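What follows is each chain in one-letter form.
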Amino acid sequence: TQSTRPQRILGAVQQNATRGDPRSVVRAIDQYCRNQEWAMNVGDEKGCILDSVVSEVNPATVLELGTYCGYSTVRIASLLPPHAKLITLEFNPEFAVIARQVIAWAGLEDKIQLVEGASGDLIPKMKEQFGVETFDLVFLDHWKDRYLPDTKLMEECGLLRKGSVLLADNVICPGTPEYLEFVRSSPRYESQYFKSHLEYTKVEDGLEKSVFLG
Ligand SMILES: O=C(CSCCNC(=O)c1cc(-c2ccc(F)cc2)cc(O)c1O)c1ccc(O)c(O)c1
Ligand SMILES: [Mg+2]
């Protein structure tokens, strides 16, 4: 039977990455997706910007919206201080099955909690079900039309504090126009655009970093 793209990405990790070495997992996925077949990982170029923001924030609590195969999940978690926690939400059960195996191969199960379901349903349950107070960093990489409603929902649920950082992928391609307009015009956010390219291509894309001002 025909394999899926996520299954082939997992295969590339198991063949080319060293168990317990997150950076080799990241490198194996980038090499596969650059040389064999494109996939919607944040990728190596935008990944370096992601790394710099994670290192600057040095978060104790991270929320990722949109796990896919776990590339950015592993990339972020590999930079977290001890005892820091990353919660990642994935709607698609097929993606979740693969991501769990990629996270295990990287040896990062203790830092990462993957939760299956729709972000709009799970965000209101964060405090009671997952014992979270607020998030120091949120990486938005799920449905592009959910970035704005989910940001408003996180505010309403008291999941953001003064200084919480939102980092959004794909603000140019596929694009998130309503989200961009909101964070750039709202007095409650200080936003900055990091120009880059769509993963593994020359197409323009970028990350938007928005600090919640409380
Ligand atoms: O895939 C989803 C939604 S979550 C993934 C969101 N991410 C993207 O869509 C995304 C897309 C692109 C991109 C794609 C084609 C282009 F031509 C150009 C760019 C790049 C990214 O970096 C992304 O993050 C899902 C949900 C429920 C399901 O049942 C299901 O089968 C699938
Ligand atoms: Mg993306």
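Refer to the structure presented above.
Because the structure is a prediction, the values reported are computed rather than measured. (Residues numbered from 1 in each chain as written. Chains lettered and ligands numbered in written order. Predicted model: local features only at pLDDT ≥ 70, side-chain atom pairs only at ≥ 80, totals over all residues. Heavy atoms only, no water.)

### Concerning the coordination of the magnesium ion (ligand 2)
What counts is decided by this rule: Only nitrogen, oxygen and sulfur atoms within 2.8 Å of the metal, or 3.2 Å for Na, K and Ca, are treated as donors, and water is left out, so sites may look incomplete. The helix count covers DSSP runs of H or I at least four residues long, the strand count covers runs of E at least two residues long, and both are numbered beginning at the N terminus. Only protein chains enter the accessibility calculation, which uses a 1.4 Å probe; a residue whose area is less than 20% of its type maximum is buried, one above 50% is exposed, and one in between is partly exposed.
The coordination sphere of the magnesium ion (ligand 2) contains the protein donors D141 (OD), D169 (OD) and N170 (OD1), at a distance range of 2.0 to 2.2 Å. Sequence spacing of the donors to the magnesium ion (ligand 2): D-x27-D-N. Linking D141 in the loop between β4 (135–140) and α8 (147–156) with D169 in the loop between β5 (160–168) and α9 (171–175), this pair joins segments that are 28 residues apart in sequence. No difference in accessibility class separates D141 from D169, as the two residues are buried.

### A few points about the nonpolar core
In a soluble, globular protein the nonpolar side chains are often hidden away together inside. The condition that has to hold: Note on terminology: a nonpolar core comprises buried Ala, Val, Leu, Ile, Met, Phe, Trp, Tyr and Cys residues joined through side-chain atoms within 4.5 Å.
The biggest cluster of nonpolar side chains holds 44 residues, and the ones touching the most others in it are I9, V25, I29, V74 and I76. At the level of elements, α1 (5–16), α2 (22–35), α3 (43–57), α4 (71–77), α5 (93–106), β3 (112–116), β4 and β5 are the ones that each hand at least two residues to this core. The leading source of residues in this core is α5, at eight residues. L89, L153, V171 and Y189 belong to the second largest nonpolar core, which has 27 residues in total.

### A look at the packing of α2 against α5
What counts here: Convention adopted: a line fitted to C-alpha atoms gives each axis, helices being fitted over their contacting stretch, and angles between N-to-C directions are expressed from 0 to 180 degrees. An angle below 35 degrees is treated as roughly parallel, one above 145 as roughly antiparallel, one from 65 to 115 as roughly perpendicular, and anything else as oblique. When checking whether two residues touch, look at their non-hydrogen atoms; a contact exists if any pair is within 4.5 Å.
Their axes nearest at 8 Å, the elements α2 and α5 cross at an angle of 135°. Viewed along their axes, α2 and α5 adopt a mutual orientation that is oblique. Residues P22, V25 and I29 of α2 lie in contact with α5, whose contacting residues are V102, W105 and A106.

### Some points on the site of ligand 1
Stated formally: Whether a residue is near a molecule or strand is decided by its heavy atoms; if any one of them lies within 4 Å of it, the residue is near. Here a polar contact is recorded for every N or O atom pair within 3.5 Å, except that within protein the pair must consist of a potential hydrogen donor and a potential acceptor, and residues adjacent in sequence are included only if both atoms are side-chain atoms. Residue exposure ignores everything except the shown protein chains as possible cover, and the areas themselves are Shrake-Rupley values with a 1.4 Å probe. Just so you know the grouping, Ala, Val, Leu, Ile, Met, Phe, Trp, Tyr, Cys and Pro go in nonpolar, Asp, Glu, Lys and Arg go in charged, and all remaining residues, Gly too, go in polar.
In the vicinity of ligand 1, 15 residues are found, and the nearest of them are N92, D141, K144, N170 and E199. A distance of 2.9 Å separates an oxygen atom of ligand 1 from a polar side-chain atom of N92. Contact distances for ligand 1 include 2.8 Å between an oxygen atom and a side-chain N or O atom of D141. For ligand 1, the accessible surface in isolation is 680 Å², of which the surrounding protein chains cover 66%. Each residue belonging to the shell around ligand 1 can be placed in one class, and the counts come to eight nonpolar, three polar and four charged.

### Some details on the packing of aromatic side chains
For the record, the criterion: Pairing of aromatic rings covers Phe, Tyr and the six-membered ring of Trp, with a centre-to-centre limit of 6.5 Å; geometry is then stacked below 30 degrees between planes, edge-to-face above 60, and tilted otherwise.
Under the definition given, this model contains five aromatic pairs. Between the aromatic rings of Y147 and Y179, the centroid separation amounts to 5.6 Å while the plane-to-plane angle is 85°, which identifies the pairing as edge-to-face. Of the two residues, Y147 sits in helix α8 while Y179 sits in helix α10 (residues 177–185), which places them 32 residues apart along the sequence. The exposure classification of Y147 matches that of Y179, with both residues buried. An aromatic cluster is built from F182, Y189 and F212, whose rings are joined through pairwise contacts.

Worth remembering: the numbers are spatial, not functional.
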